[in-house]
Amino acid sequence: MVDARRQPGGMSAPGKTEPTEAISRARAGNTEAWGDLYQFYAPAIFRFCRRALPTREDAEDATMDIFLKVRKNLAQFDSSRPFSAWLYKVAANHCWDLLRRRRSRQDKETGDLETLPLEHPDPGQLEQLIAKHTSEEIRRALDKLSARGRMALVLRYYSDMSYEEVAEALGVRRAFVGVVLLRARHELREALGRPDAMAAGGTP
Amino acid sequence: MKHVDEISCLLYLEGQLERARALELSAHVDECSSCRTLLRALENESRLLTRALAEGEEMVPARLLVIPGHAREPVSWAWVGTLGLAATAVYAAWTGYVEPWRQQLEQAGFSGNNLLNLLLFQGAFWKGWQSMIGLLEILAMMTLGGVGIALLRRRFRRWSAAAMILTVFAIGLGMPSTTSAAEFRKGQSMVVAQEEIIKNDLIVTGQRLRIDGTVEGDVISFSESLEVNGHVTGDLITFARTLRVNGRVDGNIRAIANNAIISGTVGKNILSVVEGLTLDSKGTVGGSVTVFCGSLSMDGNMGRDLLAYSGHAILNGIVGGSMKIRGADLTIGPTAEIKGTALYEQGARSHKPEVSPQAKFASPLEIKIVEHHRPYDRPGWYIWKIIWMGAAFLLGLVLILLMPRFSSDVVSSTHRYGAALGIGLVVWCGALFSAVIICVTVVGLALGISMLTFWLLVNYLAKIIVGAWLGEMILGRSTDTGSLVARIAVGLPIVVAVMMVPAIGMLATFLVWIWGMGALSLTIYHRLHRGTVMSPAGPVTA
């Protein structure tokens, strides 16, 4: 379906085999193996945080904090499951916690989660809207989304998480993940469609 | 069937619909072109969104390339580097500044004793330190503090800055109190009555102080005026606007004062920095007089040498040893007598000394005209500047390696000009004043001195920080440790060069100090308040 999908360190990244041996040695307390592990995953986690959080500084701090958490809780990791999935789960939880603690942006999305306008959008307009923007403009527009919407899009379309995983990370019922995603897309379309979004999307 | 809604389309695309519902939808879409277009648009949107998110592979910042908690080797060599650097700096400072001074002062009568020892460790100034055997213990304590900081840093990463400050404070507070073995007095105006005998050191603060009685020990005072009419058997150490000694001080006088008038007897030496120093014709000094002052009037007797750096000097008394005066003008009156060598160093543009023919000299007055050479003319000065700059650069390097995150945050903070300069000015003045106040109120002398040291250190670091900023202005923002170091390498020499320019340099230096301090304070502030005060846009977005 979405065959153009490429996962830079995504959860189910094909062609990227997990350093299983390093993981088990790191779990046993080997510092060197931990170093290998860190170097293997840190860039991907940084990129994830960079997309999930508003600023580069936030992303850097969050990456450091996430790896500290991971190291501390390495013993709790179930080695029969993929490591990167666990890592992303920790990262998602951390970023979401961080965003939730900064309430300011979220005040506008209180509880109206389940009331989604179900009108039929004009498909032609929709198509045009997204297609005429570059990837960079789209990424910038993400900054204007609500924290939840942005997080949902990143978890689903960057980290390639399943609906269950997104639900768990965001603390919503599984049945509403689709609604959250669609709302986020609406927000994105709105952000892209606003003329000031374009102007503000210039050099900051 | 009616048209499919958008959410169903999305769920269908993402494979989240139940089988029956999916089949139904797919059947409808086959027939309805409008829904087909919607489905295609959504699918397109998904693809574009995924692509947009996947692209834009950013450089991973350098501080993330340093493996957290895995930096044992780099840290140990960084410590070695720091110690080596510190040793070099101490050696340079010693040979460049302290040693020449020491030699001069030794010639001036402080001979036979290590001046530093005399000033710092034997003086009542450091009473509390006497319980320590000496420098070795201080070094051991500092090392311990350093190790403590390193350990704390690893434990409480986020609180590293706080831990560091607290450790400094703790060391300051933990220092033996200077007041423990002394009598401590405080008051608007304080008088030690004529018949009173204090068998102890006396530490006093107040506006007007008068000692009419006897103090069998040292006197340390901070006051507007101090008058000694009685007898002090130890040293007299004072910070005062006016110091007047009519009585007797058996030990040394060390004074920082506006005006000092000695008409009594001083058993040992006088070392003082004053605006005007007068040794009355009735006054006598058993030892030598070393003074930095605006105007000097010596009518009394001195047992040993006179060494003075003064604007105007008038000598009518007897100098038991040799005399060395450096200044703008000198008058030697008829009653003057110099039993040793006499040397007067004068600037090229100052007056010739007026010497009375009746004055007695053991050897003829030697007059040396000192070329007031500006430092800019000497190649050595530049070499020293370059060495110091190299040291500063190395220090920056070590700090970046030790605290990559913190360093890059500090450099980022310099770009918030308004905040950095504003906070910098407040902290710069505030820290300086509070350190001085803590010093003056005696109780926290050790704390005040640690604070002052810290303040000086930050001033030193400021040029590295601003150098990094300038480097970033020229080469663009740094992305990793290597590039940050490169930016310092570019920026620091320019900053140092600007700070050396005669008139503008002073202003530039001050600007660099407050800016650097502001950036540092800002970063520490953000560290301490992370999570509680954060703007939605984060601390730095520029």
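Residues numbered from 1 in each chain as written. Chains lettered and ligands numbered in written order. Predicted model: local features only at pLDDT ≥ 70, side-chain atom pairs only at ≥ 80, totals over all residues. Heavy atoms only, no water.

Notes on the overall build of chain B
Operational definition: Where helices and strands are cited, they refer to DSSP runs of H or I of at least four residues and of E of at least two residues respectively, numbered from the N terminus. Only heavy atoms enter the contact rule, under which two residues are in contact if any of them lie within 4.5 Å. Surface exposure here means Shrake-Rupley accessible area, sampled with a 1.4 Å probe, where a residue is shielded only by the protein chains that are shown.
A count of helical and extended segments in chain B gives 14 helices and 22 strands. Long-range contacts, defined here as pairs at least 24 residues apart, represent 33% of the contacts in chain B between residues at least 6 apart. Total accessible area computed for chain B in this model is approximately 26,200 Å², and 64% of it derives from carbon and sulfur atoms.

A word on the overall build of chain A
Convention followed: Only protein chains enter the accessibility calculation, which uses a 1.4 Å probe; a residue whose area is less than 20% of its type maximum is buried, one above 50% is exposed, and one in between is partly exposed.
Scanning chain A from terminus to terminus reveals 10 helices and zero strands. Secondary structure elements of chain A occur, N-terminal to C-terminal, as α-α-α-α-α-α-α-α-α-α. Classification of the 204 residues of chain A by burial places 53% in the buried group. Considering only intrachain contacts with a sequence separation of at least 6, the fraction spanning at least 24 residues in chain A is 69%. In the form shown here, chain A has an accessible surface area of approximately 9,400 Å², with 50% of it arising from carbon and sulfur atoms.

Considering the sheet that holds strand E14 (residues 301-302) of chain B
Residue and element names in this part refer to chain B. Put simply, the test is: Here the rule is simple: two strands pair whenever DSSP picks up at least two bridges between them.
With parallel pairing, the 10 strands of this open sheet are ordered in space as E2-E4-E6-E8-E10-E12-E14-E16-E18-E21. Strands at the two margins of the open sheet, each flanked by one partner only, are strand E2 (197-198) and strand E21 (360-361). Pairing of strand E12 (residues 284-285) with E14, which is carried by two bridges, proceeds in the parallel orientation. Along E14, the bridge assignment pairs Thr-284 with Asn-301.

Thoughts on helix H6 (residues 135-142) of chain A
Quick reminder of the rule: Throughout, the arc means the angular range of directions from the helix axis out to the C-beta atoms.
Residues of H6(A) that are buried include every one of A:Ser135, A:Ile138, A:Ala141 and A:Leu142, and no others. Buried residues along H6(A) cover an arc of 125° about the axis, so they all sit on one side.

Some thoughts on the packing of helix H3 (residues 56-72) of chain A against helix H4 (residues 83-101) of chain A
Residues and elements named next belong to chain A. Stated precisely, the cut-off is as follows: Simply put, an axis is a line fit to the C-alpha atoms, just over the touching stretch for a helix, and the angle between two N-to-C directions goes from 0 to 180 degrees. An angle below 35 degrees is treated as roughly parallel, one above 145 as roughly antiparallel, one from 65 to 115 as roughly perpendicular, and anything else as oblique. By convention, the crossing between two helices is left-handed when the near helix turns anticlockwise from the far helix through less than a right angle, and right-handed when the turn is clockwise.
Closest axis-to-axis distance for the H3/H4 pair is 10 Å, and the angle between their directions is 125°. With respect to H4, the element H3 is oriented oblique. Seen from above, H3 lies across H4 with right-handed handedness. In contact with Ala-62, Asp-65, Ile-66, Phe-67, Lys-69 and Val-70 of H3, H4 contributes Phe-83, Trp-86, Leu-87, Val-90, Ala-91, His-94 and Cys-95.

Here's the deal with the pattern of salt bridges
Spelled out, the test is: The term salt bridge refers to a pairing of a side-chain nitrogen on Lys or Arg with a carboxyl oxygen on Asp or Glu at a separation within 4 Å.
Counted by the stated rule, this structure contains 21 salt bridges over all chains. Between A:Arg189 and B:Glu45 there is a salt bridge, with the nearest N and O atoms lying 2.7 Å from each other. Remark: B:Glu45 occurs in helix H3 (residues 33-54) and A:Arg189 occurs in helix H9 (residues 177-193); the pair is interchain, linking two chains. On the basis of relative accessibility, which here comes to 9%, the residue A:Arg189 falls in the buried class. Ionic contacts of the salt-bridge type, sharing partners, join the residues A:Arg185, A:Arg189, B:Glu6 and B:Glu45 into one network.

Details of the packing of aromatic side chains
Between two aromatic rings, the relevant description is the distance of the centres plus the angle of the planes. Quick reminder of the rule: What counts as a ring pair is set by centres within 6.5 Å for rings of Phe, Tyr and Trp (its six-membered ring), and what kind of pair is set by the plane angle: stacked under 30 degrees, edge-to-face over 60, tilted for all other angles.
All chains considered together, the criterion is met by 15 aromatic pairs over all chains. A ring pair is formed by A:Phe77 and A:Phe83, whose centres lie 5.1 Å apart and whose planes are at 85°; its orientation type is edge-to-face. In this pair, the class of A:Phe77 matches that of A:Phe83, namely buried. When the ring of B:Trp428 is compared with that of B:Trp455, the centres are 5.1 Å apart and the planes differ by 50°; the resulting orientation is tilted. In this pair, B:Trp428 is assigned in helix H11 (residues 417-440) and B:Trp455 in helix H12 (residues 445-475), connecting sequence segments 27 residues apart. A single burial state applies to B:Trp428 and to B:Trp455, both of which are buried.

So, the nonpolar core
Residues and elements named next belong to chain A. So the rule is basically this: Buried residues of nine kinds, namely Ala, Val, Leu, Ile, Met, Phe, Trp, Tyr and Cys, make up a nonpolar core once their side-chain atoms join them within 4.5 Å.
Of all hydrophobic cores here, the largest spans 84 residues; its most connected members are Phe-48, Cys-49, Val-70, Phe-83, Met-151, Leu-155 and Leu-170. The greatest single-element share of this core, amounting to 12 residues, is contributed by helix H2 (residues 31-52). Those residues in contact with Leu-155 that sit more than four places away from it in its chain are Phe-48, Ala-92, Asp-160, Met-161, Val-166, Ala-169 and Leu-170.

Observations concerning a nonpolar patch on the surface
All names here are of chain B. Selection criterion: Residues enter patches when they are more than 30% accessible in relative terms and free of salt bridges; like-charged ones are connected within 9 Å and nonpolar ones (Val, Leu, Ile, Met, Phe, Trp, Tyr) within 5 Å.
Taken together, Tyr-417, Met-473, Ile-474, Leu-475, Ile-494 and Val-498 make up a surface patch of nonpolar side chains, about 510 Å² in accessible area. Those elements that provide at least two residues to the nonpolar patch are H12 and helix H13 (481-500). If one sorts the elements of the nonpolar patch by residue count, H12 sits on top with three residues.

Examining the confidence of the model for chain B
Residues and elements named next belong to chain B. Formally: The score called pLDDT rates the predictor's confidence residue by residue, from a low of 0 to a high of 100.
Mean pLDDT over chain B: 75, with 71% of residues reaching 70 or higher. The low-confidence segment residues 110-137, where pLDDT is below 50, has 48 contacts with residues more than four positions distant or belonging to other chains. Predicted confidence for residues 531-542 stays below pLDDT 50, and this span has 21 contacts to residues more than four positions away or in other chains. Two summary scores accompany this predicted model of the complex, namely pTM at 0.39 and ipTM at 0.79.

Let's talk about the environment of B:Gly56
Here B:Gly56 lies in the loop between H3 and helix H4 (62-65). With residues near it in sequence (within four places) discarded, B:Gly56 still touches A:Arg51 and A:Arg139.

Section: H3(B)
Spelled out, the test is: Multiplying one less than the number of residues by 1.5 Å gives the expected span of a helix.
With 22 residues, H3(B) extends 31 Å between its outermost C-alpha atoms, agreeing within 8% with the 32 Å of an ideal straight helix rising 1.5 Å per residue. After H3(B) finishes, the residue B:Gly56 shows a positive phi value of roughly 70°.

Some remarks on the pairing of strand E3 (residues 201-211) of chain B
All names here are of chain B. Within E3, eight of the 11 residues are buried, leaving the element largely enclosed by the surrounding structure. Bridge count for E3 against strand E5 (residues 219-228) is nine bridges, and the pairing is parallel. Within E5, the position partnered with Leu-202 by the bridge is Val-219.

A look at the side chain of B:Asp409
Residue and element names in this part refer to chain B. Along the polypeptide, Asp-409 turns up in helix H10 (residues 404-414). Here Asp-409 falls in the buried class, since its relative accessible area comes to 14%. Setting aside residues up to four positions removed in sequence, Asp-409 forms contacts with Arg-63, Thr-523 and Arg-527.

Examining the state of the cysteines
Convention followed: Disulfide: a pair of cysteine sulfur atoms within 2.5 Å of each other.
Counting across every chain of the model gives zero disulfides over all chains. Its sulfur unpaired, A:Cys95 is 3.9 Å from the next cysteine sulfur, which belongs to A:Cys49. This cysteine, B:Cys32, is not joined by any disulfide, and B:Cys35 carries the nearest cysteine sulfur, 3.6 Å off.

Some remarks on the packing of helix H8 (residues 163-170) of chain A against H9(A)
Residue and element names in this part refer to chain A. What counts, and what does not: Any residue outside Ala, Val, Leu, Ile, Met, Phe, Trp, Tyr, Cys, Pro, Asp, Glu, Lys and Arg is labelled polar, Gly included; the first ten of those are nonpolar and the last four are charged.
It is the contact of H8 with H9, at a shortest axis distance of 9 Å, that shows an interaxial angle of 80°. Of the possible angle classes, the one that applies to H8 and H9 is roughly perpendicular. Side by side, H8 and H9 meet where Tyr-163, Val-166, Ala-167 and Leu-170 of the first sit next to Val-177, Gly-178, Val-180 and Leu-181 of the second. When the residues that make up the contact of H8 with H9 are grouped by side-chain class, the tally is seven nonpolar, one polar and no charged.

What to know about the environment of B:Pro493
Residue and element names in this part refer to chain B. Structurally, Pro-493 is set in helix H13. On the accessibility criterion, Pro-493 (31% relative accessible area) is partly exposed. When the C-alpha atoms of Pro-493 and Lys-385 are compared, they prove to be 10.0 Å apart, with 108 residues separating the residues in sequence. Once residues lying within four places of it in the same chain are set aside, the contact partners of Pro-493 are Met-389 and Ile-488.

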